[in-house]
4 protein chains.
Amino acid sequence: MAPGKLRFMKQLRVTVWNEFVHERQNSEVKKIYPEGIHEVIANGLKAHGELDVKTATLQEKDQGLGEQLLDNTDVLLYWGHAAHDEVSEEAVSRLQRRVLDGMGLIVLHSGHYSKIFKRLMGTSCALRYREAGERERVWNINPGHPIAEGIGDYIELEQSEMYGEPFGIPQPDEQVFISWFQGGEVFRGGNCWFRGSGRIFYFSPGHEVYPIYHNKQIQRVIYNAVRWAEPRGRRAEVPLHVAVEDAPEKISARGTILHDKKGKLKG
Amino acid sequence: MAPGKLRFMKQLRVTVWNEFVHERQNSEVKKIYPEGIHEVIANGLKAHGELDVKTATLQEKDQGLGEQLLDNTDVLLYWGHAAHDEVSEEAVSRLQRRVLDGMGLIVLHSGHYSKIFKRLMGTSCALRYREAGERERVWNINPGHPIAEGIGDYIELEQSEMYGEPFGIPQPDEQVFISWFQGGEVFRGGNCWFRGSGRIFYFSPGHEVYPIYHNKQIQRVIYNAVRWAEPRGRRAEVPLHVAVEDAPEKISARGTILHDKKGKLKG
Amino acid sequence: MAPGKLRFMKQLRVTVWNEFVHERQNSEVKKIYPEGIHEVIANGLKAHGELDVKTATLQEKDQGLGEQLLDNTDVLLYWGHAAHDEVSEEAVSRLQRRVLDGMGLIVLHSGHYSKIFKRLMGTSCALRYREAGERERVWNINPGHPIAEGIGDYIELEQSEMYGEPFGIPQPDEQVFISWFQGGEVFRGGNCWFRGSGRIFYFSPGHEVYPIYHNKQIQRVIYNAVRWAEPRGRRAEVPLHVAVEDAPEKISARGTILHDKKGKLKG
Amino acid sequence: MAPGKLRFMKQLRVTVWNEFVHERQNSEVKKIYPEGIHEVIANGLKAHGELDVKTATLQEKDQGLGEQLLDNTDVLLYWGHAAHDEVSEEAVSRLQRRVLDGMGLIVLHSGHYSKIFKRLMGTSCALRYREAGERERVWNINPGHPIAEGIGDYIELEQSEMYGEPFGIPQPDEQVFISWFQGGEVFRGGNCWFRGSGRIFYFSPGHEVYPIYHNKQIQRVIYNAVRWAEPRGRRAEVPLHVAVEDAPEKISARGTILHDKKGKLKG
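Residues numbered from 1 in each chain as written. Chains lettered and ligands numbered in written order. Predicted model: local features only at pLDDT ≥ 70, side-chain atom pairs only at ≥ 80, totals over all residues. Heavy atoms only, no water.

J.: Just to check I follow, could you spell out the pattern of salt bridges for this structure?
T.: Side chains that carry opposite charge are capable of pairing whenever their charged atoms lie near each other. Scanning all chains against the criterion turns up 84 salt bridges over all chains. As a salt-bridge pair, Asp-153 of chain B and Arg-128 of chain D come within 3.4 Å of each other at their nearest N and O atoms. Here Asp-153 of chain B is found in the loop between β6 (128-140) and β7 (154-164), whereas its partner Arg-128 of chain D is found in strand β6 (residues 128-140) on a different chain. A relative accessible area of 32% means that Asp-153 of chain B is categorised as partly exposed. With relative accessibility at 6%, the residue Arg-128 of chain D sits in the buried group. The structure contains a network of salt bridges with shared partners spanning Arg-135, Arg-137, Glu-156 and Glu-158 of chain A, Arg-254 of chain B together with Glu-249 of chain D. (Salt bridge = Lys/Arg side-chain N within 4 Å of Asp/Glu carboxyl O. Helix = DSSP H or I, 4+ residues; strand = E, 2+ residues; numbered from the N terminus. Buried < 20%, exposed > 50% of the residue type's maximum accessible area, 1.4 Å probe, protein only.)

So, in structure tokens, the structure goes:
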């Protein structure tokens, strides 16, 4: 591109949400993430300078997923594993509505089995898994995709949890990464979906007993994903009843009418 | 193709489910569908001779959606409008699991707002609507698609309810029909999705105050959709924990292990 | 499903096309495929009894791709490697038109670089490759897909040529298989696309120095693909000029007109 | 979003290419576009201030599509109608390679039948058409999409050429607009595809006898599309032969080898 110019940019407001359970309960995990996974991820994002980054956890008011926090969130990152069942249906419904209205959502690793991911996908989100500290190679199959920017042919993780196919998801709208595992499996581990006006990215690496979120390339993918998931356009203003006299083309009503003037089903 | 031959075909077991409310409550609807919408649809399917067709309604045992019935259903057709809220969460979960395991699902008209459709799509499923008895022209945009077999350039419905964009759905995996409305709107009204091992078709025409399911071309689309939605292959046998010694390639476990031998997270 | 019934089935006419070069030139390949790859594939298909199977090769009249042969072909299988450049542009154009009009096309292994595949994809169709006789594991990621019918979790090939990502294709409309390689790569090796009224399946295993097409599971995938690729519906009858008086809704022409009555651009 | 901040932005280099035939030959078209369609589109883009915009036409050196110009183009807009056949195969191949390597491409109106669009799509790109100066309503079916930013429910064009379904394209990767026509047809007129590392947007309005490119909303869509089509990531560095000793995992070669050390097929 040509020599650039300064331009006024909106500042993305990013919230890193974590159930924050294993880092407090398991001494091995605590060694790797003493302040919690969310802090390591948040610090990786803050290092870029231009994002407004905060964190939230399950232990906070409204499970860290209250309306006020969401009012101030453009992109939410979600990490959960042991406490999926504790997240309330109300919180999940709030999240779903926000995503459909345009909020970006980055679901990480074991978040594949979170209520919000299953809610948005409509499928089992189940997978094959094995915890053996084996080697994973995350292949960049889409080098022109913004989420792959700055990533080479692959990211190699010396120790990882195997996630394998079949993965119970709708076919991704955009496929960015597919993983190879030492034990013999493959996995669609970097996947994009559009739902309503929101963008969703699922990224599989991140088992908590390995220092995966300290890896600079993993951090780069997460940063790229946040930028990609920025809300665009606007939410759809529907359901919307259109009165006969408001039709774009002039028409007259004919036949039986089951709805009242406001579009509610009568009696 | 070449002159054919006789071949042994499995017989598809089809269930036409209807909430069966407006046909009993509204005299105009009753005139058009005296035995209920489900009977007209079922008769259209039976006329082809090779299907095993039955009906079920919300008023029956287990809301007409019990395990035994689903055990004997390859493809389910679903019509609902006034009573979406009355369908139990348990019934919806049963339906969802069956679809993911391979059962075909045909969602008709106002079923766009049913619990099961919203559950499988993960989106609002909202739309723009107007009840004015206006003309609809259902364009066949995919003449090579099996669901469009036998259908010309379009199906013209002299009276229809307008359903308009934006329609709050994930982009269809296959787009078959798009409708034009006299009042000036367009609508993606014939859409296919794959979810788990199941096939889903949404078809928008069918407002109950017009004799739309008596239309031979509409009946043909529904028949085609039933054949298309036939279960194939098998369901995915996941979630599946793979023990280290069962990895396809020989590996040894390394590092911290959070799961027990059966793959459950340890206390 | 319920106990079946006899039904009259059209008989699919299948042509297995092969450039037939390496089997004649290389003694190792000849040992594995003495009559040519096409004969082994054709025999695998004939064993099912219900298909009308013939073969054709580059050495035949019209390069084995003449109009008469295509008039009698519902699904074409295509294997090429050393002689892609020898296939004429005219033959490629014939094939492309046939596919868009509804003929199924199964492109095998090194056919990823054939003119017809590149023509239909519009992309580079390039990939990463290595010929080391290494192990390949073809994972079934879509067990409900008709092309995966009868296939378990994966097909293991003790010796295979590595094909790796990024694969220069449009994202598949349906993803059925993804391969794992011993040397560390992954590959989207079983992919479906819809183009015009035709169905295309690309299947990557099949390097000619290994007996891959003798493998019963590979044969099963190819048989499934042939059944899946059966022509449905009809071709699109466009381009189509619509005269003003033939518009579905009554309108009158207004303003400057650049086209003549037949829709040709005027002088 | 939060109050913004200044940020260093790369400046996109945009080329508006036009065959520039009808504006010189037809007096009615000349009245609407005295300097050519390209100048009106370019001026609309320049008004935003941050783009580096130039124009090129078929009459220029290398048909206005030479290597040097493409070296300095991030996004190319393409308008053609009467002279598709005059564009050389070499120019088309250059354009295709550039798109696959990451250049954005916006194809306008009758460009649906250009060689480059047909090359990239692999399909007929044919459609139904009628020139009657009828009303078109371009519905925004994807309000959260960046190309729909700032656009309301629809754009109404009082006079337009009808383009109708079936449109001979691969199903769009993202669907943004669908048009309604007064004469009774519908059309997928705002469609996105990803090919290689490049982004392609087709936008149907723009018949040259109506002042459509003077419309502010049409100009806004084109500006949004240019921003959306910005190159991201990088091109795929394949085809790539991987030597056995360069495999990510240590393996040894086994069996017959048809390729030489550089990956070329041996004689």
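J.: Honestly, the relation of the copies chain B and chain A in this entry has me stumped. Any pointers?
T.: The second copy of the chain is related to the first by a rotation about an axis and a shift along the axis. Each copy superposes on the other: chain B lies on chain A with an RMSD of 0.0 Å after a rotation of 180° and an axial shift of 0.0 Å. What the superposition gives is, in effect, a two-fold axis relating one chain to the other. Closest approach to the rotation axis within chain B is made by the C-alpha atom of Gly-122 of chain B, at a distance of 2.6 Å. Interface overlap between copies: 100% of the residues of chain B at the interface are likewise at the interface in chain A, consistent with a symmetric, same-surface contact. (Least-squares fit on C-alpha atoms with pLDDT ≥ 70 in both. Contact = heavy atoms within 4.5 Å.)

J.: Is there a simple way to think about the packing of aromatic side chains in this case?
T.: Ring pairs (aromatic) are described by centroid distance and by the angle formed between their planes. This structure, assessed with the given rule, holds 46 aromatic pairs over all chains. Relative to Tyr-202 of chain B, the ring of Phe-167 of chain B lies with its centre 5.5 Å away and its plane at 55°, an arrangement referred to as tilted. Here Tyr-202 of chain B lies in strand β10 (residues 198-203) and Phe-167 of chain B lies in the loop between β7 and β8 (174-181), a separation of 35 residues in the sequence. When its relative accessible area of 0% is taken as the criterion, Tyr-202 of chain B is described as buried. Pairwise contacts between aromatic rings join Phe-117, Tyr-163, Phe-167, Phe-187, Trp-193 and Tyr-202 of chain A into one cluster. (Phe/Tyr/Trp six-rings, centres within 6.5 Å; stacked < 30°, edge-to-face > 60°.)

J.: For this particular structure, what's the right way to read unusual backbone geometry?
T.: What is expected of a backbone is that most residues other than glycine have negative phi and most peptide bonds are trans. Of note, the amide linkage connecting Glu-165 of chain A to Pro-166 of chain A takes the cis form, showing an omega dihedral of 0°. In this model, Cys-125 of chain C sits at a positive phi of 60°, which is unusual for a non-glycine residue. Mapping Cys-125 of chain C onto the fold places it in the loop between α6 (115-121) and β6 (128-140).

J.: What is the right way to look at the interface of chain A and chain C in this model?
T.: Bring the parts together and some accessible area is lost; that lost area is often taken as the interface size. Listed per partner, the contact involves 23 residues of chain A and 23 residues of chain C. Between chain A and chain C we count 12 residue pairs in polar contact (both at pLDDT 80 or more) in total. If you list the elements that add at least two residues to the side of chain A that touches chain C, you get β6 (128-140), β8 (174-181) and β9 (186-195) of chain A. With six residues, the single largest contributor to the side of chain A that touches chain C is β8 of chain A. Taken together, the residues that form the side of chain A that touches chain C break down as nine nonpolar, six polar and eight charged. (Polar contact = N/O pair within 3.5 Å; in protein donor to acceptor, adjacent residues only side chain to side chain. Nonpolar A, V, L, I, M, F, W, Y, C, P; charged D, E, K, R; others polar.)

J.: Looking at this structure, how should I read helix α7 (residues 216-228) of chain A?
T.: Since the α-helix advances by 3.6 residues per turn, residues separated by three or four positions end up pointing in the same direction. Residues and elements named next belong to chain A. In this model α7 runs 18 Å from its N-terminal to its C-terminal C-alpha over 13 residues, within 8% of the 18 Å that 1.5 Å per residue would give. With 10 of its 13 residues buried, α7 lies for the most part within the structure. Of the positions making up α7, those classed as buried are Ile-218, Gln-219, Val-221, Ile-222, Tyr-223, Asn-224, Ala-225, Val-226, Arg-227 and Trp-228. A distance of 2.7 Å separates the backbone nitrogen of Gln-217 from a side-chain oxygen at the start of α7, and that oxygen is part of Asn-215. (Expected span 1.5 Å × (residues − 1).)

J.: Where do I start with the interface of chain B and chain A in this structure?
T.: With 66 residues of chain B at the interface, the matching set in chain A holds 66 residues. The junction of chain B with chain A conceals about 4,900 Å² of combined surface from both sides, 57% of it contributed by carbon and sulfur atoms. Arg-254 of chain A is the salt-bridge partner of Glu-158 of chain B, the closest N and O atoms lying 3.2 Å from each other. Remark: the boundary between chain B and chain A carries 24 residue pairs in polar contact (both at pLDDT 80 or more). Looking at the side of chain B that touches chain A, the elements with two or more residues in it are α1 (22-25), α5 (89-101), α6 (115-121), β6, β7 and β11 (240-241) of chain B. For the side of chain B that touches chain A, the leading source of residues is β6 of chain B, giving eight residues. Across the side of chain B that touches chain A, the residue classes break down as 28 nonpolar, 22 polar and 16 charged. With two bridges joining them, strand β11 (residues 240-241) of chain A and β6 of chain B adopt parallel strand pairing. Its bridge partner being in β6 of chain B, His-241 of chain A is matched across the sheet by Tyr-129 of chain B. (Buried area = accessible area lost by both parts, 1.4 Å probe. Pairing = 2+ DSSP bridges.)

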